[in-house]
Amino acid sequence: MSARVPVTVLTGFLGSGKTTLVNRILSEQHGRRIAVIENEFGEVGVDHELVIGAEEELFETSNGCICCTVRGDLIRILAQLRKRRERFDAILIETTGLADPGPVAQTFFIDEELREHYLLDAIVTLVDARHIEQQLKSSPVALEQIGFADVLLLNKTDLVPATELSQLERRLHAINGTASIVRTHNADVALGRVLNIGAFDLDRALARDEDFLEPARPFEWAGLYTLPAGEYELQQRSSAEPAADAHAHDHGHAHDHEHESNDHGAAHPHGQLRMVDLLLLPSAAEAAPDEPGGGSDASRIDALIEDATRRFDGDAVLLGPHAALPPQVLGRLELDHARHVRLHLPRAGSWVLFCEHAPAEFGGLLPGLRPEHERSFGSHHHDAEIGSIGLTDSRPLDPGKVNDWLSYLLQSRGQDILRMKGVLNFAGEARRYVFHGVHMVFDGRLEREWPPLSARCSRLVFIGRGLERAEFEAGFESCIA
Amino acid sequence: MTAPAGVLRLRARIELADFPVDAAWSADGGALVIAGGEGAVLLADTGAAPAARQIGAHRGGALAVAWQRAGRLFASSGQDGTVLLWDARAPAPRPIHEGKAWCDRLGFADHGRLLAAAAGRVLHVFDAAGATLHALAGHTGVIAALAWRPKSSEIAVAGNGGARLHRLEAEPAVRDYPAAGACLTAGWNADGRLLAAGMQDGRVQLWNVATGQPSQLTGHGGRIIAADWSTNGRYLATAAGEELIAWDFSARGAQGIEPIALGAHSERLSALAFRPGTSMLVSAARDRRLLLWRVASAAQPADAHLLREDCTLLRFSRDGRQLAVGDAAGGLSLYECG
């Protein structure tokens, strides 16, 4: 049997640049034979030629189950394309700007005949950097298209200031924690970023599972500081406010202040921030420098991520005026009343400050102090209806229990789950179990063995509508062997 | 020289310049018209020295062919949206319809006076001179299948949402037979009382056409790729995935319909066809096996052949003596059926 032809599904709102991208793929000399199915007009393009194809049509079943919804026109068109002796190297399916790409993707899971000859390669969503905020407000489909994506092409980046782009990327990451984001303008992107990526290839997913399953964190930012013992003002004192606090450290500089004010005014992706949670953790002084990457600034933050994640899930202490936040306590800063709140460092050394939001969003932290290293995490969702939940755990799992849980989850929440991906550590199994799914349709199998010296760690990501972290954590907990 | 009774004998294989997508026998079994996946319309002489020649083309791909049951006219259609009408005595393409949508289903009424062509959601009907009589729109879905009711001027079209019956002569009328889901095949039993549609989700939807009473046959797990009635209307054979079922309608009422599982294929089925005038069924699958079944005593296939490549179509001549088997290697094999 010949190799399956990879299929890329291209989604995105009208005006996001899909047509530009499709035209480039059709007309460029890239040496590959690519069939483009343009559903908006029912056309199929092959080597510059356009053929009118079948009319777009959803096949639903009598039980009304959306997981059984497939695209009848695709089944028909792809069956016909297969009947040409000259085989295609790739198929690109352009969906209508207003369509949920779920049924297109599901068609490749459900239809046996298609599955035999074609392989869903990736869902690529074009995002109009300039208009996406507005589209997200006005249309749930825009949100879904981002939620489904394996690759987000952030297009028209030339029309948007760099600071806004970073915020936009954080926003996109909050909705979809697993998609890679590629900045483009004029949809000018290397074809290798769009075609034959292997996002649905279980084998290839593993090869890059380091970043494919970066779970969403309850914090967006962490900074590493090495400081003497003492107390440090968390927020810049308002210029209108008298410096009445005897403990205030004079680290503020007018220059910094202005700079941060500008950032602050640039955009507010989360609307009006009123509170922000903070956590200070001591960086392990004994971080073994002989460990791979051990002792580096980045690894010192990484080493604390799991601890911080757990602590962020606990209750926060409200920091009143003149309060000082000690280490290892989750504190809640009221931004409107944050003056004179300090960080208490009981001893000199390296500390990592975790913050619920990126400090740039609310005027900065620790004025005058620059972290030696900082790291941003995908922002967790605030107002977004669709978001990602990531779980990481090293305890071995019971395959039967996992099966029960996933079955229950797909039956009860399948409509809300757009995508899921995972690598699981099964008790007594040398190989990794890898899976992915679209809505209630699921594909998984045992793949290559765990590397001999690696930590066997299960990682799962769910992208969906109104997903509650606690529900997924409890479900996962029930799977421990 | 004929094959022994009840077995198939390979007589010839014709190499085609194209991948056979559809084929139709001439009334006398002396010729076959073939639709090619890359666009060729081929005419095969099935006489003593079988051979095929290209007589025309549909740009992008030919999709369907049909031949009058007792005449010399045949038709072809394709991705170019055209319908060509041909006369076997002097085969020259005569366009009788041009459109934008793929024209992927064709059929002559039994009496040969009417030709139907489905393009998207529209059913085009022509007379034997090629004149357009109707362009029937308003179907709930893209037309996936059409079936002329035996010995009548009524045609059923099936698609997403169910079937619709058009009476085209006498007093023209339309009647709908709704179904939740997508119909992919359509076929009448011998007396034209029952219409059967194979569905995307594996069900077989039946309608008593006079009363409108629907019923369902369940048993298949996935999309029904092919269905065919035996000439006497006793059996309906359906294929989905690796499953091949013959449904026995000899008892009255839907409750009495017995499924006979014909389980000898090890891979997904590609095609099936009843031999006219008998309850003998042929089936072909991705396992490249061509099997002949006597459905009445169907524990085992009565005959088996290994095909060179995946089967694309199975077509019996009108008299049931010849079987054409198209394959993905671009060949058409001719079997004699004893």
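Remember, it's a predicted structure, so these values are computed and weren't measured experimentally. (Residues numbered from 1 in each chain as written. Chains lettered and ligands numbered in written order. Predicted model: local features only at pLDDT ≥ 70, side-chain atom pairs only at ≥ 80, totals over all residues.)

**Comments concerning the overall build of chain B**
And step 1. Within chain B, the regular secondary structure consists of 0 helices and 31 strands.
And step 2. The C-alpha radius of gyration of chain B comes to 19 Å, within 12% of the 20 Å expected for a compact globule of 338 residues.
And step 3. The dimensions of chain B, computed from C-alpha atoms along their principal axes, are 50 × 50 × 30 Å.
And step 4. Looking at chain B as a whole, 54% of its 338 residues qualify as buried.
And step 5. Considering only residue pairs separated by 6 or more positions, chain B has 42% of its internal contacts joining residues 24 or more positions apart. (Helix = DSSP H or I, 4+ residues; strand = E, 2+ residues; numbered from the N terminus. Rg over C-alpha atoms; globule rule 2.2 N^0.38 Å. Buried ≥ 20, exposed ≤ 12 C-beta atoms within 10 Å, placed from the backbone. Contact = placed C-beta atoms within 7 Å.)

**Section: the overall build of chain A**
And step 1. Within chain A one finds 13 helices and 24 strands.
And step 2. Out of the 481 residues in chain A, the part that is buried amounts to 43%.
And step 3. Once local pairs closer than 6 in sequence are excluded, the contacts in chain A between residues at least 24 apart make up 77%.

**Overview of the sheet that holds strand β20 (residues 386-393) of chain A**
Sheet strands line up and pair through hydrogen bonds in the backbone, either parallel or antiparallel.
Residue and element names in this part refer to chain A.
And step 1. With antiparallel pairing, 5 strands are arranged side by side in an open sheet as β20-β24-β21-β22-β23. Of all strands in the sheet, those with a lone pairing partner are β20 and β23 (441-449), marking the two edges. Adjacent strand axes in the sheet meet at a mean angle of 10 degrees when their direction is disregarded.
And step 2. Here 8 bridges tie β20 to strand β24 (residues 458-465), and the two strands are oriented antiparallel to one another. (Pairing = 2+ DSSP bridges. Axes fitted to C-alpha atoms, helices over the stretch in contact; angles between N-to-C directions.)

**A word on the sheet that holds strand β14 (residues 317-319) of chain A**
Residue and element names in this part refer to chain A.
And step 1. Taken together, the 6 strands give an open sheet; going across it, the order is β14-β16-β13-β18-β11-β19, and neighbouring strands pair in mixed fashion. A single partner strand is all that each edge strand has here, and the edge strands are β14 and β19 (373-376). Pairs of neighbouring strands in the sheet enclose a mean axial angle of 25 degrees, with direction left out of account.
And step 2. When strand β11 (residues 221-227) meets β19, the two strands line up antiparallel, connected through 4 bridges. Counterpart to G223 in the pairing with β19 is E374.
And step 3. The sheet strands contacting helix α11 (residues 297-312) are β11, β13 (275-282), β18 (349-355) and β19, and the helix crosses β13 at an angle near 125 degrees.

**Section: α11 of chain A**
All names here are of chain A.
And step 1. The terminal C-alpha atoms of α11 lie 22 Å apart, and with 16 residues this matches the ideal 22 Å at 1.5 Å per residue to within 8%.
And step 2. The sharpest bend along α11 comes to roughly 40 degrees, located at I305.
And step 3. Among the residues of α11, R300, I301, L304 and A308 are the ones counted as buried.
And step 4. Where α11 is buried, its residues touch β11, β13, β18 and β19. (Expected span 1.5 Å × (residues − 1). Bend = angle between axes of the 7 residues up to and from the residue.)

**Side note on the nonpolar core**
And step 1. Core analysis: the biggest nonpolar cluster contains 194 residues, and I34, V65, L146, A163, C183, L195 and L272 of chain B have the highest contact counts within it.
And step 2. In terms of residues, this core owes the most to one element, strand β8 (residues 118-128) of chain A, which gives 7 residues.
And step 3. No fewer than three residues from each of domain 1 (5-200) and domain 3 (386-477) of chain A sit in this core.
And step 4. Filtering out sequence-adjacent residues up to four positions away, L272 of chain B remains in contact with A226, D228, A237, A239, L244, L281, V282, S283 and L314 of chain B.
And step 5. F219, A222, L319 and L366 of chain A belong to the second largest nonpolar core, which has 30 residues in total. (Core = buried A, V, L, I, M, F, W, Y, C linked by C-beta atoms within 7 Å. Domains from an automatic or database assignment.)

**Some points on the confidence of the model for chain B**
Low-pLDDT portions of the prediction should not be read for the details of their coordinates.
And step 1. On average, chain B scores 93 in pLDDT, and the residues at 70 or more come to 98%.
And step 2. Under the prediction, the complex receives an ipTM of 0.83, its pTM being 0.75. (pLDDT = per-residue confidence, 0-100.)

**Section: helix α1 (residues 18-27) of chain A**
Residues and elements named next belong to chain A.
And step 1. Residues of α1 that are buried: K18, L21, V22 and I25. For α1, the buried positions fall inside an angular range of 95 degrees around the axis, keeping them on one side.
And step 2. Structurally, α1 contributes buried residues whose contacts are with β1 (5-12), β2 (34-38), β7 (90-94) and β8. (Arc of directions from axis to C-beta.)

**Some remarks on the interface of chain A and chain B**
Think of interface size as the accessible area that goes away when the parts come together; that is how it is often given.
And step 1. Taken together, the 20 residues of chain A in the interface contact 25 residues of chain B.
And step 2. Sorting the residues of the side of chain A that touches chain B by element identifies β4 (49-52), α2 (72-81) and α4 (112-117) of chain A as the ones contributing at least two each.
And step 3. When residues of the side of chain A that touches chain B are assigned to their parent elements, the largest contribution, 3 residues, is made by α2 of chain A.
And step 4. Split into classes, the residues belonging to the side of chain A that touches chain B amount to 5 nonpolar, 5 polar and 10 charged. (Nonpolar A, V, L, I, M, F, W, Y, C, P; charged D, E, K, R; others polar.)

**Focus: the pairing of strand β10 (residues 180-183) of chain A**
Residue and element names in this part refer to chain A.
And step 1. Taken together, the 4 bridges between strand β9 (residues 151-155) and β10 define a ladder with parallel strand orientation. Residue L152 lies in a different strand from β10, and its bridge partner there is I181.
And step 2. The β-α-β motif built from β9, the intervening helix α7 (residues 162-175) and the parallel element β10 has right-handed crossover chirality. (Right-handed = clockwise from strand over helix to strand, strands pointing away.)

**So, the environment of A49 of chain B**
Residue and element names in this part refer to chain B.
And step 1. Structurally, A49 can be placed in the loop between β4 (40-45) and β5 (51-57).
And step 2. Using a count of 7 C-beta atoms within 10 Å as the deciding quantity, one classes A49 as exposed.
And step 3. Distance in space between the C-alpha atoms of A49 and I14 is 9.7 Å, their sequence separation being 35 residues.

**What to know about unusual backbone geometry**
And step 1. Despite not being glycine, A187 of chain A has its phi angle at roughly 50 degrees, a positive value.
And step 2. Tracing the backbone through its elements, the reader meets A187 of chain A in the loop between β10 and α8 (202-207).
And step 3. At K151 of chain B, a residue that is not glycine, the phi angle is positive and equals roughly 50 degrees.
And step 4. Note that K151 of chain B resides in the loop between β14 (143-148) and β15 (154-167).

**Points about the environment of F476 of chain A**
Residues and elements named next belong to chain A.
And step 1. Structurally, the position occupied by F476 is in helix α13 (residues 469-477).
And step 2. For the pair F476 and G444, spaced 32 residues apart in the sequence, the C-alpha separation amounts to 17 Å.
And step 3. If we skip the residues at most four places from it in the chain, F476 touches L391 and D393.

**Some thoughts on the pairing of β24 of chain A**
Residues and elements named next belong to chain A.
And step 1. Across the 8 residues of β24, 7 count as buried, placing the element largely inside the fold.
And step 2. Pairing analysis gives 6 bridges linking strand β21 (residues 417-424) to β24, with the strands arranged antiparallel. Within β24, the residue paired with K421 across the bridge is V461.

**Quick look at the confidence of the model for chain A**
Residues and elements named next belong to chain A.
And step 1. Averaged over chain A, the pLDDT score is 78; the fraction of residues at 70 or greater is 79%.
And step 2. In this model, residues 239-271 is a region of pLDDT below 50 whose contacts with residues beyond four sequence positions or in other chains number 40 contacts.
And step 3. Throughout residues 286-294 the model reports pLDDT below 50, and contacts reaching past four residues in sequence, or to other chains, amount to 9 contacts.

**Considering the environment of Y235 of chain B**
All names here are of chain B.
And step 1. Its place among the elements puts Y235 in strand β22 (residues 235-240).
And step 2. Residue Y235 is classed as buried on the basis of its C-beta count, with 24 C-beta atoms lying within 10 Å.
And step 3. Along the primary structure Y235 and L334 are separated by 99 residues, whereas in three dimensions their C-alpha atoms are 25 Å apart.
And step 4. When neighbours within four sequence positions are excluded, Y235 is seen to be in contact with S230, A246, W247, D248, F249, S279 and V295.

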